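Take a look at the letters that make up each chain.
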Amino acid sequence: DIDVGPTGAGLPPGQGTVSKGATVFAAKCAFCHGVTGQEGPNDRLVGGLGTLASRQPIKTIGSYWPFATTLYDYVRRAMPFNAPQSLTPDEVYALTAYVLNLNDILPADATLDQVTLPGVKMPNRDGFTTDHGFMRRDGKPDTNNTACMTNCAATVKLSSEMPDYARDQHGNL
């Protein structure tokens, strides 16, 4: 049982600094995520703030993730891609601090541990809700509408349209 929840339950003892995280990132993460966390072949980690409501949202740790503790959890369990669960708790705290610093969430002199990490407020923390049927414990749906069943379309036309930014030489599929 190694998962870490939003409240920090499950965080192990240890600590990490932004500067130590920079060293670990360069050695174990930059190959996939780029030197600054933005230009690698794999997921972009930095930027995207203010884009979630746009037609081309950039979902990064700084723009999308609601809890810093889930960053720790994900890195601890799944990274690096070629050797998951190989990082020490101190390395994971350091990487978490570094990536949060890259996203301007933590200052350069920050240190994270099992007490300070749950207190980090992510920019999109209030962008998530559990007030819908999927996440509610009582299982009730998030709507109470009744079916209209008047003025319905006579026929249904199925089609597919790709957004402009996703088109290539083949056009729409």
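The preceding data block contains the structure.
Residues numbered from 1 in each chain as written. Predicted model: local features only at pLDDT ≥ 70, side-chain atom pairs only at ≥ 80, totals over all residues. Heavy atoms only, no water.

**Observations regarding the overall build of the protein chain**
Then step 1. What the protein chain contains, in helices and strands, is 4 helices and 2 strands.
Then step 2. N-terminal to C-terminal, the α/β element order of the protein chain is β-α-α-α-α-β.
Then step 3. Here the protein chain, with 173 residues, has 32% of them falling under the buried criterion.
Then step 4. For the protein chain, contacts bridging at least 24 residues in sequence account for 55% of all contacts bridging at least 6.
Then step 5. For the protein chain, the accessible surface area stands at approximately 11500 Å², while carbon and sulfur atoms represent 54% of it. (Helix = DSSP H or I, 4+ residues; strand = E, 2+ residues; numbered from the N terminus. Buried < 20%, exposed > 50% of the residue type's maximum accessible area, 1.4 Å probe, protein only. Contact = heavy atoms within 4.5 Å. Areas by Shrake-Rupley, 256 points an atom, 1.4 Å probe, with all protein chains shown as cover.)

**Points about the nonpolar core**
A general trend in soluble globular proteins is that nonpolar side chains are found buried together.
Then step 1. Of all hydrophobic cores here, the largest spans 30 residues; its most connected members are Phe 25, Leu 100, Leu 112 and Val 120.
Then step 2. When residues of this core are traced back to their parent elements, those giving at least two are helix H1 (18–28), helix H3 (68–78) and helix H4 (89–102).
Then step 3. Top contributing element to this core by residue count: H4, with 7 residues.
Then step 4. Excluding residues that lie within four positions of it along the chain, Val 120 makes contacts with Ala 68, Leu 100, Ile 105, Leu 106 and Leu 112. (Core = buried A, V, L, I, M, F, W, Y, C linked by side-chain atoms within 4.5 Å.)

**Remarks on the layout of surface pockets**
Then step 1. In this model, the largest pocket occupies a volume close to 510 Å³.
Then step 2. Lining the largest pocket are 24 residues, and of these His 33, Asp 43, Leu 45, Tyr 74 and Met 79 sit closest to its centre.
Then step 3. Looking at the lining of the largest pocket, the elements that each hand over two or more residues are H1, helix H2 (30–33), H3 and H4.
Then step 4. Tallied by class, residues from the lining of the largest pocket come to 16 nonpolar, 4 polar and 4 charged. (1 Å grid on protein atoms, 1.4 Å probe; cavity = no way out; pocket = protein on both sides within 12 Å on 5 of 7 lines; lining within 4 Å. Points joined across faces, edges and corners; volume = space filled by probe spheres on them. Nonpolar A, V, L, I, M, F, W, Y, C, P; charged D, E, K, R; others polar.)

**Side note on H4**
Then step 1. Between its terminal C-alpha atoms H4 stretches 20 Å, which fits the 20 Å expected from 14 residues at 1.5 Å a residue.
Then step 2. The element H4 is largely enclosed, with a buried count of 11 among its 14 residues.
Then step 3. Turning to H4, its buried residues are Glu 91, Val 92, Tyr 93, Ala 94, Leu 95, Thr 96, Ala 97, Tyr 98, Val 99, Leu 100 and Asn 101.
Then step 4. Contact partners of the buried residues in H4: strand E1 (15–17), H1, H3 and strand E2 (111–113).
Then step 5. One or two residues past the end of H4 sits Asp 104, with phi positive at roughly 60 degrees. (Expected span 1.5 Å × (residues − 1).)

**A word on unusual backbone geometry**
Then step 1. Omega for the bond connecting Met 79 with Pro 80 falls within 30 degrees of zero, at -10 degrees, which places this linkage in the cis form.
Then step 2. Position of Pro 80 relative to the elements: it lies in the loop between H3 and H4.
Then step 3. Its identity is not glycine, yet Gln 85 carries a phi of approximately 65 degrees, on the positive side.
Then step 4. Residue position: Gln 85 is located in the loop between H3 and H4.
Then step 5. Looking at Gln 85, the relative accessible area reads 51%, which means it is exposed.
Then step 6. Positive phi outside glycine occurs at Asp 104, with the angle close to 60 degrees.
Then step 7. For Asp 104, the location among the structural elements is in the loop between H4 and E2.

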